[in-house]
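Architecture at a glance
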Amino acid sequence: MEKTENLLVQQLKDSKTSQKAFRELVSLYKERLYWHIRNIVKNHDDAHDVLQNTFMKIFRNIDQFKGDSKLFSWMYRIATNESITFLNKKSKRLQISSNDLQSAIINNLESDVYFEGSEIQLKLQKAIASLPKKQQQVFNMKYFEELKYREIADILETSEGALKASYHIAVKKIEEFLKTN
Amino acid sequence: MKEEKIPYHGASGFKVPSGYFENLEDNLCDKVCNEEKQLEKIALPKKAGFKVPGHYFDDLEDALVAKIEHKQPRSIKIDFRKTFYYAAAVAAIFVGLYTTVFTLGNEQSASWDDVELSAIEQYIDDGYIDLSDTEFSSMIIEDGYIVEESDFATMNSDAVFEYLDENVEDPSFILE
């Protein structure tokens, strides 16, 4: 996998092969990146915009990828930052706090055509939204995206121990939220 | 994560159960790993509940590749706005200097056109100009400015008579 990844990066950096390599990159990572972004921004149209921005940024900045981390971790990091930037810009544009924006987004889920609408799923999203931002990220990546702690540590540049503790606390809080709501 | 085992000298006299440290990691991991069991107890859905439009992922590669094809070739961005502002600032400084320097220069060389008629009359009345009546009369004051004799060399006589006719109230001045 590492050899394939190195080759892909080389092809992306070469202007003669970059377009073909980019298509391959999108094909390999589109769904994982999309769901990662969707878990943060919640709305499909917003996720689509952020996904496009993410891939554009990856393509434009591939020369800056030095191979210190896995390509996958670097891309996930870009996707995470783009999602957070998107939400911050949205809250500024609407002149509301990021917490109010998150509440509004969750409240809109019920009427969202691209949300299955089960009561427990909605409740779970509300519970996740009640967590601090970092814990939300850790929970989404561990629970929904089923990433390993080692992978999450690489993406968020945090220690595995801190992540385990964060996930443990997040689960406790979600349990408490579901009991009381 | 670096593993730094801080040596314990065991001088405090405390003891631990046998195998305590060997089993500690597993015991802690069990506690942490129990989250999954806890979540199962709460019966949380494994999926977040989000959906995508039909065939969304099928068309994504084409859409994104089309975007990069439409983008300009990678080039170094030159911030023309900054260059423009610098150039405008330099031009403004030049204009300011030019105006200041040349205006000051001009102010030093004042002409007769800038002098008030009343000031000239006062100057003459105070006797600062030693002119005889003949010399004075050779200068005709028109509209507050001294008109020099040489100006009349190019003057049309018909224009002069027309002017006198329109402006002089007492014709005896002309006839005398």
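The rules behind each value
Residues numbered from 1 in each chain as written. Chains lettered and ligands numbered in written order. Predicted model: local features only at pLDDT ≥ 70, side-chain atom pairs only at ≥ 80, totals over all residues. Heavy atoms only, no water. UniProt positions renumbered as here; feature names shortened; annotations may be inferred. Helix = DSSP H or I, 4+ residues; strand = E, 2+ residues; numbered from the N terminus. Axes fitted to C-alpha atoms, helices over the stretch in contact; angles between N-to-C directions. Parallel < 35°, antiparallel > 145°, perpendicular 65-115°, else oblique. Left-handed = near helix turned anticlockwise from the far one by under 90°. Contact = heavy atoms within 4.5 Å. Nonpolar A, V, L, I, M, F, W, Y, C, P; charged D, E, K, R; others polar. Salt bridge = Lys/Arg side-chain N within 4 Å of Asp/Glu carboxyl O. Buried < 20%, exposed > 50% of the residue type's maximum accessible area, 1.4 Å probe, protein only. Patch = residues over 30% accessible without salt bridge, like charges linked within 9 Å, V, L, I, M, F, W, Y side chains within 5 Å. Areas by Shrake-Rupley, 256 points an atom, 1.4 Å probe, with all protein chains shown as cover. Buried area = accessible area lost by both parts, 1.4 Å probe. Polar contact = N/O pair within 3.5 Å; in protein donor to acceptor, adjacent residues only side chain to side chain. Expected span 1.5 Å × (residues − 1). Arc of directions from axis to C-beta. Core = buried A, V, L, I, M, F, W, Y, C linked by side-chain atoms within 4.5 Å.

Naming follows an unreviewed UniProt entry, where chain A appears as RNA polymerase sigma factor of Zunongwangia pacifica. UniProt annotates chain A under Sequence similarities (unreviewed entry) with the comment "Belongs to the sigma-70 factor family. ECF subfamily."

1. A closer look at the overall build of chain B
Assigned secondary structure in chain B consists of 7 helices and 2 strands. Listing every helix and strand of chain B by position from the N terminus yields α-α-α-α-α-β-β-α-α.

2. Points about the packing of helix H2 (residues 18–41) of chain A against helix H3 (residues 44–60) of chain A
The angle between the axes and the distance between the axes are what describe a pair of packed helices. All names here are of chain A. It is the contact of H2 with H3, at a shortest axis distance of 9 Å, that shows an interaxial angle of 140 degrees. Here H3 runs oblique to H2, going by the angle between their axes. Crossing of H2 over H3 shows right-handed handedness. Residues Ser18, Phe22, Leu25, Val26, Tyr29, Lys30, Leu33, Tyr34, Ile37, Arg38 and Val41 of H2 pack against His44, Asp46, Ala47, His48, Val50, Leu51, Thr54, Phe55, Met56, Ile58 and Phe59 of H3. In terms of residue class, the contact of H2 with H3 is made up of 15 nonpolar, 4 polar and 3 charged.

3. Describing the pattern of salt bridges
Applying the stated criterion across every chain, the model contains 7 salt bridges over all chains. One salt bridge in this structure joins Arg23(A) and Asp62(B), with 2.7 Å as the shortest N-O distance. Here the residue Arg23(A) occupies a position in helix H2, and Asp62(B) occupies one in helix H2 (residues 60–70), the pair thus bridging two chains. Across the pair Lys46(B) and Glu146(A) runs a salt bridge whose closest N-O atoms are separated by 3.8 Å. Of the two residues, Lys46(B) is situated in the loop between helix H1 (20–42) and H2 and Glu146(A) in the loop between helix H7 (133–144) and helix H8 (149–156); the pairing between them involves two chains. Take Lys46(B): its relative accessible area is 40%, and that puts it in the partly exposed class.

4. Focus: a nonpolar patch on the surface
On the surface, a cluster of nonpolar side chains totalling about 320 Å² of accessible area is made up of Val16(B), Tyr20(B) and Phe21(B). Mapped onto the elements, Val16(B) comes out in the segment before H1.

5. What about the interface of chain A and chain B?
At the interface, 46 residues of chain A touch 31 residues of chain B. The junction of chain A with chain B conceals about 3800 Å² of combined surface from both sides, 66% of it contributed by carbon and sulfur atoms. Linking chain A with chain B are 3 salt bridges. For Glu61(B), the salt bridge is made with Lys30(A), and the minimal N-O distance between the two is 2.8 Å. Inspection of the region where chain A meets chain B yields 11 residue pairs in polar contact (both at pLDDT 80 or more). Every element with two or more residues in the side of chain A that touches chain B is listed here: H2, H3, helix H6 (119–129), H7 and helix H9 (160–180) of chain A. In terms of residue count, H2(A) provides more of the side of chain A that touches chain B than any other element does, 11 residues in total. Among the residues forming the side of chain A that touches chain B, the class breakdown is 24 nonpolar, 10 polar and 12 charged.

6. Focus: helix H5 (residues 98–109) of chain A
All names here are of chain A. With 12 residues, H5 extends 17 Å between its outermost C-alpha atoms, agreeing within 8% with the 16 Å of an ideal straight helix rising 1.5 Å per residue. Inspection of H5 places Leu101, Gln102, Ile105, Ile106 and Leu109 among the buried residues, and these make up the whole buried set. Seen along its axis, H5 keeps its buried residues to an arc of 135 degrees; they face one direction. Each element contacted by the buried residues of H5 is listed here: H2, helix H4 (71–94), H6 and H7.

7. Focus on the nonpolar core
Counting residues in each nonpolar core, the largest one holds 69 residues, and the members touching the most others are Phe22(A), Leu25(A), Phe55(A) and Phe139(A). The element contributing the most residues to this core is H2(A), with 10 residues. Those residues in contact with Phe22(A) that sit more than four places away from it in its chain are Leu12(A), Phe55(A), Met56(A), Phe59(A), Leu64(B), Val65(B) and Ile68(B).

8. Digging into unusual backbone geometry
Of note in the backbone geometry, Glu157(A) takes a positive phi value of approximately 55 degrees without being a glycine. In this structure, Glu157(A) sits in the loop between H8 and H9. Positive phi values are uncommon outside glycine, yet His55(B) reaches one of about 60 degrees. Residue placement: His55(B) occurs in the loop between H1 and H2.

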